[in-house]
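Listed below, chain by chain, are the residues.
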Amino acid sequence: MSLSGGWYLTLAAVLFGIGAVGVLVRRNVLVMFMCIELMLNAANLTFVTFSRMLGDIGGQVVVFFVLVVAAAEVVVGLGIVVAIFRRSTSTVADDLHVLKG
Amino acid sequence: MTLTLLAAGGATIPDIIVFAVSAAVIIMGAFGVVTSRNPVHAALSLVMTLFGVAVLFIEQDANFLAAVQVIVYAGAIVVLFLFVIMFLGVDRRENIEAEPLVGQRPLALIFVGVAVASLVALLVSSHWVTGAHGVVGPINGSVNPGSPGAPSGEVAQLGKQLFTTYLFAFEATAALLVIAVVGAVVLARRERRDLEKPSVESPDDEPSSDSSEKEVLR
Amino acid sequence: MRVALLIASASLHGGIAMPHIAYLAILPEIVMLGGAILLLAVASLVRSALNVTVITVSTLVISLASLAAALWQFFDVQSHGAYTTLDHAVVLDGFSVLVTVLVASAMALTALVGDGYQRREGLAGPEFNVLAMVSATGAMLMGEANDLVIVFLGLEILSIALYVLAAFNRRRAESGEAALKYFLLGGFSSAIFVYGIALTYGATGTTNLTQIADFLAKNVVVSDGLLLAGLTLLLVGFAFKVAAVPFHMWTPDVYQGSPTPITGFMSAVAKAAGFAALIRVFVSSFGVLRVDWQPIIYALAVVTLLVGAVLALIQTDIKRMLAYSSINHAGFVLLGLEAAGALGKVGARGVSSALYYLFAYTFMAIGSFAIVSVLGGRGDAAHEISNYKGLGKRQPFLALAFAVLLLSQAGAPFTTGFWAKLQVVAAAVDANSVPLAVIAMVSAAVAAFFYLRVVLLMYSPKKFVSDQEGDRLENLDASGDAVASTSAREPLWSGSGRQTALVNELNATLLLESSPETIEVPDEREGDVVNVPVLAVVAIGICIAVTVGFGVFPAPLADFAHKASLLFMP
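Just so it is clear, the structure is predicted and the values come from calculations on it, not from any experiment.

J.: If you had to explain the overall build of chain B to someone new, which residues and values would you point to?
T.: What chain B contains, in helices and strands, is seven helices and zero strands. Element order for chain B, N to C, with α for helix and β for strand: α-α-α-α-α-α-α. Within chain B, contacts between residues at least 6 apart in sequence are counted, and of these 43% link residues at least 24 apart.

Structure representation (structure tokens):
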């Protein structure tokens, strides 16, 4: 018997928060991207915890789909990063300045 | 907080220790991702977090998912990250002290901090779970314990759900994988005539979709 | 007719019973995705590269087949009523049919516009159309999803394909940058969305929309913090996708940087699919919680309406202007959604007005961006609003078409834009949100300014050329390279017979300042007439026919939207 779900859910919420802060404060595209993975992991941990608490395996199945989405996102995202930064050696988002925003 | 308080839910001391250690690993890893200057260190910290999450999956009887987590995330996704970092040669220290937008960091911290605090407060104030229990089926054990052929065990249950309730979602992931493959090909393709003007008259000379084999690797 | 096939697996080895599949419900998706994969396979198996015409024609055939399947669905729903299939993962009702029709038509129009674009930019291969078709499949999934997991997967299929499409034109630096921005913010919003699903799952015990509605109807959740947190996160995720303020930051940059036909597709399809899923999730599943979410939608609608209209006024780039205008339009659809929160007939009217708006906006947006795409010239770069000066003299038909579409977006009578605005405002008044309706009308009045500004500019006599025009002039030499690096554009295109004398003058200006200041040039540079591809003319013609046709005879479309507003309820 493991701990009550509340501990896991709180941990997941904190992990999600750290990931969100990372996306907002970091300027390195690759690190921002890793922070998105942290957020997805927080969601996965939440799903698994609820799955146990509800006694319903559906939550675990959803984690699979999140994994597939994360994998597809990583492939495309890193493809974009490589396509853009192949010539330069900086992956800092602020070095991009063609567009105004 | 004492161990007895933690153990109130019927958890044993080893459970508490496992949770505490993995929670510490997860949080340390997450901080590592956010604060490390070198992308390689960030990726390694990410692995740390992923392992911690996998341990918590096992702790919650999601053994198969834990294996998938390690294999897919740590084994494939992080390796891809590291590959790209090395490929681009950006494994250098980045000056993270320089703040591009003044006040952005404190604002982000405050904003997310408030959001997470209110989230945790909401979680604590509400019942943890109010759902209809067991809508889909129990995690362990067979659906129909009486019938001999019914699938039993966690993996069998997962498989059953994947091909019944979530059949359409499963099929839809096919589209995602198609995009990932086509997208990677499109994005990684080098223009063979990078410096020439785009030609309207001779679209037939352009590299075809299977041009990957015709590409000259530089 | 309902194609029903039960794959009952053998009881041998204790096999599992597959869910009942009504194939008609997923036929448009099967056609679209299957067609896309088939096209990809054929293109990679054929030895010589497929030519653009073949690809465009096959894309058109696939899109129209999908559209036909959607119309078949429509008659099926009319005669048999709505139903769910695939273990309640998918729902077929008037709402999903309308979204499918909309997406399939948008795809067909994008193929028409994309043909000329691909030729002009020298992009070969079927990937452009294949990715757009897979993206359209994701949009259709969002429209007919009856499970949050399907909504999420549809959203990701739509978005990930759009990330690649935004980066498609690798000759443009903006294209890649737009894709990166879109990707990072899209990934961020997806993560928020997934976390919202997780919390909703915890609070209700299921991800199925029907079961969530069922659970909320039968149980009174006393302390529903978890559910509200989940709801808020879901809303944030959706708001990012439909570009509602304050989650709109990516829109102008991404719209500006993406290839223009894709911008049109993105603005129409991503918005329609995002709103479709948003309406279905909030109205049919979380209808019980309307007192909680209606104020949030209200606030979102107000800021979206005002920010979109005001910021569009100060844009100098036509694509950025249309991006802010699309944000403004999102505000109007939110108006309909806010009204949809009301009970009974008023709520249904809100849904139908939002759907009508999305339908009207799809054709206006694709038509407008088609014209922008044609006028962009080679390199897809000439998007300064000042370039449109005197267009009415140079290309009267194109200018007239653009004027009609812009006036429709502004809400001029005898266009769908007028009826769309009228319906959402009327729905808001019915739902007792009179202040919101007033704000919407003020916003429409402000918005009319920037649409009219472009229209007046097109018919103003003097011909100005902006500094961006400078690097479109041909024979760019060493100084031209300097210009290109200053303005960060690659000199990969050539103009069509210009005086080189102007180049130096313009370059000198450019090197000094890169602000979009206009320079008056002599009259002999009048011949700046672009070739309009025939297929683009067809696409623009269809958009105008729909916009004006249903504007003059609004009854059929309003009827369609009304039939679609009856959401499937368990």
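J.: Residue-level account of the interface of chain C and chain A, with values.
T.: The interface is formed by 35 residues belonging to chain C together with 33 residues belonging to chain A. Counting residues per element, the ones that place at least two in the side of chain C that touches chain A are helix 5 (148-166), helix 6 (173-204) and helix 9 (250-257) of chain C. Here the side of chain C that touches chain A gets 18 residues from one element, more than from any other, and that element is helix 6 of chain C. By residue class, the composition of the side of chain C that touches chain A is 22 nonpolar, eight polar and five charged.

J.: Break down the interface of chain B and chain A for me, citing the residues and quoting the values.
T.: With 78 residues of chain B at the interface, the matching set in chain A holds 70 residues. Take the side of chain B that touches chain A: its biggest share by element is eleven residues, from helix 4 (residues 63-88) of chain B. Here the side of chain B that touches chain A is composed, by residue class, of 57 nonpolar, 16 polar and five charged.

J.: Can you break down the environment of C:Val302 residue by residue, with the values?
T.: Residue and element names in this part refer to chain C. Along the chain, Val302 falls in helix 11 (residues 290-313). Accessibility expressed as a C-beta count within 10 Å gives 20 for Val302, which makes it buried. Setting aside chain neighbours within four positions, we find Val302 in contact with Leu436 and Ile439.

J.: With reference to specific residues and values, describe the nonpolar core.
T.: Core analysis: the biggest nonpolar cluster contains 316 residues, and B:Ile179 and C:Val103 have the highest contact counts within it. Here this core gets 20 residues from one element, more than from any other, and that element is helix 3 (residues 58-85) of chain A. For B:Ile179, the contacting residues outside a window of four places in its chain are A:Ala72, A:Val76, C:Leu131, C:Val134, C:Ile157, C:Ile160, C:Ala161 and C:Val164.

J.: Go over unusual backbone geometry, please, and point to the residues and values.
T.: Among all residues except glycine, the phi angle is most often negative; among peptide bonds, the trans geometry is most common. Residues and elements named next belong to chain C. Cis geometry is found at the peptide bond from Val245 to Pro246, where omega equals 5°. Position of Pro246 among the secondary structure elements: in the loop between helix 8 (225-242) and helix 9. For His88, which is not a glycine, the phi torsion comes out positive at approximately 65°. Its location among the elements puts His88 in the loop between strand 3 (83-85) and strand 4 (90-92). Backbone geometry places Ala243, a non-glycine residue, at a positive phi of 60°. Among the structural elements, Ala243 can be located in the loop between helix 8 and helix 9.

J.: How would you explain the packing of helix 16 (residues 416-430) of chain C against helix 20 (residues 534-552) of chain C if you had to name every residue and give the values?
T.: Residue and element names in this part refer to chain C. In the contact formed by helix 16 and helix 20, the axes pass within 7 Å of each other and the chain directions differ by 60°. Between helix 16 and helix 20, the angle is such that the two are oblique. Mapping the contact onto sequence places Thr416, Phe418 and Trp419 in helix 16 and Val546, Thr547, Phe550 and Gly551 in helix 20. Taken together, the residues of the contact of helix 16 with helix 20 break down into four nonpolar, three polar and no charged.

J.: Give me the confidence of the model for chain A: which residues, what numbers.
T.: Per-residue confidence for chain A gives a mean pLDDT of 85, with 83% of residues at or over 70. Confidence scores differ between elements of chain A, with helix 1 (residues 5-25) of chain A showing the lowest mean pLDDT of 90 and helix 2 (residues 29-54) of chain A the highest of 93.

J.: I'd love a proper account of helix 20 of chain C, names of residues and values included.
T.: In a regular helix each residue adds 1.5 Å, so 19 residues correspond to 27 Å; helix 20 of chain C covers 26 Å between its end C-alpha atoms and thus fits that length. Listed as buried for helix 20 of chain C are C:Leu535, C:Ala536, C:Ala539, C:Ile540, C:Cys543, C:Ile544, C:Val546, C:Thr547, C:Phe550 and C:Gly551.

J.: Could you give an account of the environment of C:Gly274, with specific residues and numbers?
T.: All names here are of chain C. Locating Gly274 in the fold gives a position in helix 10 (residues 260-285). With 121 residues separating them along the chain, Gly274 and Leu153 place their C-alpha atoms 12 Å apart. When sequence neighbours within four positions are dropped, the list of residues in contact with Gly274 reads Phe238, Lys241 and Val242.

What counts, and where the lines are drawn
Residues numbered from 1 in each chain as written. Chains lettered and ligands numbered in written order. Predicted model: local features only at pLDDT ≥ 70, side-chain atom pairs only at ≥ 80, totals over all residues. Helix = DSSP H or I, 4+ residues; strand = E, 2+ residues; numbered from the N terminus. Contact = placed C-beta atoms within 7 Å. Nonpolar A, V, L, I, M, F, W, Y, C, P; charged D, E, K, R; others polar. Buried ≥ 20, exposed ≤ 12 C-beta atoms within 10 Å, placed from the backbone. Core = buried A, V, L, I, M, F, W, Y, C linked by C-beta atoms within 7 Å. Axes fitted to C-alpha atoms, helices over the stretch in contact; angles between N-to-C directions. Parallel < 35°, antiparallel > 145°, perpendicular 65-115°, else oblique. pLDDT = per-residue confidence, 0-100. Expected span 1.5 Å × (residues − 1).

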